[in-house]
Protein chains: 2
Amino acid sequence: MKKTTLRIALVQHAMGPDLHENRKASIEGIQRAAEAGAQLVVLPELHASEYFCKYQDTALFDLAEPLDGPSRQQLSQAARTHGVVVVGSIFERRAPGLAHNTALVMEADGELAGIYRKMHIPDDPGYNEKFYFTPGDQGFKPIDTALGKLGVLVCWDQWYPEAARLMALAGAELLIYPTAIGFDPDDGEDEQHRQLDAWRTIQRGHAIANGLPVLACNRVGHEPDRSGAGRDAEFWGHSLVVGPQGEIIDEAGLEAEVLVTDIDLARGEHVRRIWPFLRDRRIDAYQDLLKRYRDGI
Amino acid sequence: MKKTTLRIALVQHAMGPDLHENRKASIEGIQRAAEAGAQLVVLPELHASEYFCKYQDTALFDLAEPLDGPSRQQLSQAARTHGVVVVGSIFERRAPGLAHNTALVMEADGELAGIYRKMHIPDDPGYNEKFYFTPGDQGFKPIDTALGKLGVLVCWDQWYPEAARLMALAGAELLIYPTAIGFDPDDGEDEQHRQLDAWRTIQRGHAIANGLPVLACNRVGHEPDRSGAGRDAEFWGHSLVVGPQGEIIDEAGLEAEVLVTDIDLARGEHVRRIWPFLRDRRIDAYQDLLKRYRDGI
């Protein structure tokens, strides 16, 4: 069977209040990844800013930028300069009062290969995303690049087997999750460990269910709640690279890191031949997946 | 929050050519489980016989029994005698040339609470199930018992997030998988390890995605291919009990064992409050889950 090695990099870094410094950290990470031979570089979710959804403030919509804003221009230039495909993530201003959490994929020549607007939007203490982000309206479609079809999803999507499956059914060759997730400092160590492991495990599950590699790039660092009223956040890093049987190929820790790893894109087909899950799906019996709840069953 | 402790048992055992001995092992396991205080006892898939799907032989349909056959009678008696709910599994003869792989749930008074006919049927070297088992025609419906709604699925179903989700959406309070899965003796140790861990991981993923405990009961032991032409099987045991964040609560090894463990049924609601995945499902964008493949996306 054909061996197709792809060198990928996850640029796990911390963000502070200075957008310029954050973008610089992202761009420097892309450069380091390219110097290490990476062909595909993934950044964390919303890498230009602190994670601003800790509380609700209409003034923070000033952080949003249009699709052709400064983040895209810098990512485009970095992709072109280094000849790498880049997955970035922006707070997208689409219209006044209409914003999205949007991943951008830049081709190695700097052109925009496509975008993905986060479909599943969380909302819980410290993660007020439903206030800021309109749920995506473009569905689950992989983005075509010279490196293959990238199943780009964002953060909260990573808890949904449906999203991963829809990407796989549309021919995605990789699942990719820019992420911002952290510990609740009020939780005990046991709960923190369970949450981190659950995050890792469910993504490994998507790899297994779909016979696809999975990449997740998270941020790190302590970010204060600048409203003073809410919770600080401790982003847990642990960006990871998973093979198509759910095996962990590489994994970062709690600190900033450019994780560079080779993955074998041909391995997925081998795994799908021994575990042909797509063959046996009971599409005649899945209608109720389109329901909110199966009341009365 | 209400604490509702349920003591469960998984009867992991080996099977040989003597049906009488196999049934005896199952029944003795139920007895030991009940003596240890278990309220719910789960047996492995097709626990009355060796795993006969290693090769195709029309004579082996003689192993099939009707829904009210000897397995049910024995399970009913054991359930009633010990006052426990029992999940068993039979090769069901429904009509000449029409057989199913069917789980039976017996109430603690010995009545049949319900059945589940395996929906996803595998077929690969050593697991010729499509020859023997007609795919289930009753869909994914939890079975009501005095202990709660049991989301009983069978073996190959455990690789399908759709099956777990449909059970959760119908109010299942536990996911339960009678199983027969093993190593391919031709595989190297690395591959065997990856497979076992993938099996464990995807089931932990279902627990996480749905905020539900998961029980899986597998068989153990070396079973020869009695046709002489195929592969022997090495069933890997490792029956496991998983909590609603995917945490492993208890786990068996490679040997026969009655695994008795307490699970807290109220914990799932707590987890669903902090991780309300059901709230945010994009049911408006899941239509293509009903397709075999999303050609042309």
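Residues numbered from 1 in each chain as written. Chains lettered and ligands numbered in written order. Predicted model: local features only at pLDDT ≥ 70, side-chain atom pairs only at ≥ 80, totals over all residues. Heavy atoms only, no water.

## What to know about unusual backbone geometry
In this structure, A:Cys155 takes a positive phi of about 40° despite not being glycine. Structurally, the position occupied by A:Cys155 is in the loop between strand 7 (148-152) and helix 4 (161-169). (Helix = DSSP H or I, 4+ residues; strand = E, 2+ residues; numbered from the N terminus.)

## Points about the packing of helix 1 (residues 19-35) of chain A against helix 2 (residues 70-82) of chain A
Residues and elements named next belong to chain A. Contact pair helix 1 / helix 2: the axes reach a minimum separation of 10 Å and the direction vectors enclose 15°. As judged from the angle between their axes, helix 1 and helix 2 are roughly parallel. The way helix 1 lies across helix 2 gives a crossing that is right-handed. Residues Arg23, Ile27, Ile30, Gln31 and Ala34 of helix 1 lie in contact with helix 2, whose contacting residues are Pro70, Ser71, Gln74, Leu75, Ala78 and His82. Each residue belonging to the contact of helix 1 with helix 2 can be placed in one class, and the counts come to 6 nonpolar, 4 polar and 1 charged. (Axes fitted to C-alpha atoms, helices over the stretch in contact; angles between N-to-C directions. Parallel < 35°, antiparallel > 145°, perpendicular 65-115°, else oblique. Left-handed = near helix turned anticlockwise from the far one by under 90°. Contact = heavy atoms within 4.5 Å. Nonpolar A, V, L, I, M, F, W, Y, C, P; charged D, E, K, R; others polar.)

## Re the sheet that holds strand 3 (residues 85-95) of chain B
Residues and elements named next belong to chain B. One open sheet holds the 6 strands; their spatial order is 5-4-3-2-1-15, and the pairing between them is mixed. The two strands at the open ends of the sheet, each matched to only one other strand, are strand 5 (112-117) and strand 15 (257-264). This sheet shows a mean twist of 30° between the axes of neighbouring strands, independent of strand direction. For strand 4 (residues 98-106) and strand 5, the ladder comprises 5 bridges, and the chain directions are antiparallel. If you follow Ala103 over to strand 5, its bridge partner there is Tyr116. (Pairing = 2+ DSSP bridges.)

## Observations concerning the interface of chain A and chain B
When the parts of a complex come together, some accessible area is lost, and that lost area is often taken as the interface size. Between chain A and chain B, the contact holds 59 residues from the first and 59 residues from the second. Between chain A and chain B the total buried area reaches about 5800 Å² when both faces are included, carbon and sulfur atoms providing 59% of it. Along the contact surface separating chain A from chain B lie 10 salt bridges. Between A:Arg281 and B:Glu162 there is a salt bridge, with the nearest N and O atoms lying 2.8 Å from each other. At the junction of chain A with chain B, the criterion picks out 46 residue pairs in polar contact (both at pLDDT 80 or more). Among the elements of the structure, helix 4, helix 5 (189-210) and helix 6 (267-274) of chain A are those that each provide at least two residues to the side of chain A that touches chain B. Of all the elements, helix 5 of chain A adds the most residues to the side of chain A that touches chain B, at 11 residues. Of the residues that constitute the side of chain A that touches chain B, the class distribution is 31 nonpolar, 8 polar and 20 charged. (Buried area = accessible area lost by both parts, 1.4 Å probe. Salt bridge = Lys/Arg side-chain N within 4 Å of Asp/Glu carboxyl O. Polar contact = N/O pair within 3.5 Å; in protein donor to acceptor, adjacent residues only side chain to side chain.)

## Quick word on the pattern of salt bridges
Scanning the entire structure with this criterion turns up 48 salt bridges over all chains. For B:Glu191, the salt bridge is made with A:Arg267, and the minimal N-O distance between the two is 3.1 Å. Placement of B:Glu191 in helix 5 (residues 189-210) and of A:Arg267 in helix 6 is noted, with the two residues assigned to different chains. Summarising the burial analysis for this pair, B:Glu191 and A:Arg267 share the class buried. Across the pair B:Asp197 and B:Arg200 runs a salt bridge whose closest N-O atoms are separated by 3.3 Å. Residue B:Asp197 and its partner B:Arg200 are both found in helix 5; the two are separated by 3 residues, about one turn of the helix. Relative accessible area serves as the criterion here: at 13%, B:Arg200 is assigned to the buried category. One connected set of salt bridges, linked through shared partners, spans A:Glu92, A:Arg94, A:Arg117 and A:Asp137. (Buried < 20%, exposed > 50% of the residue type's maximum accessible area, 1.4 Å probe, protein only.)

## Description of the side chain of A:His100
Residue and element names in this part refer to chain A. Tracing the backbone through its elements, the reader meets His100 in strand 4 (residues 98-106). A relative accessible area of 1% places His100 in the buried class. Here Arg94 takes part through its side chain, which lies 2.9 Å from a polar atom of the side chain of His100. When sequence neighbours within four positions are dropped, the list of residues in contact with His100 reads Ile90, Phe91, Glu92, Arg94, Arg117, Phe133, Thr134, Pro135 and Gly136.

## Topic: the relation of the copies chain A and chain B
Of the two same-sequence chains, chain A is brought onto chain B (RMSD 0.0 Å, axial shift 0.0 Å) by a rotation of 180°. In short, the pair behaves as if placed about a two-fold rotation axis. In terms of C-alpha distance to the rotation axis, chain A has A:Gly205 as its closest residue, with the C-alpha 2.7 Å off the axis. The share of interface residues of chain A whose copies in chain B are also at the interface is 100%, consistent with both copies meeting through the same surface. (Least-squares fit on C-alpha atoms with pLDDT ≥ 70 in both.)

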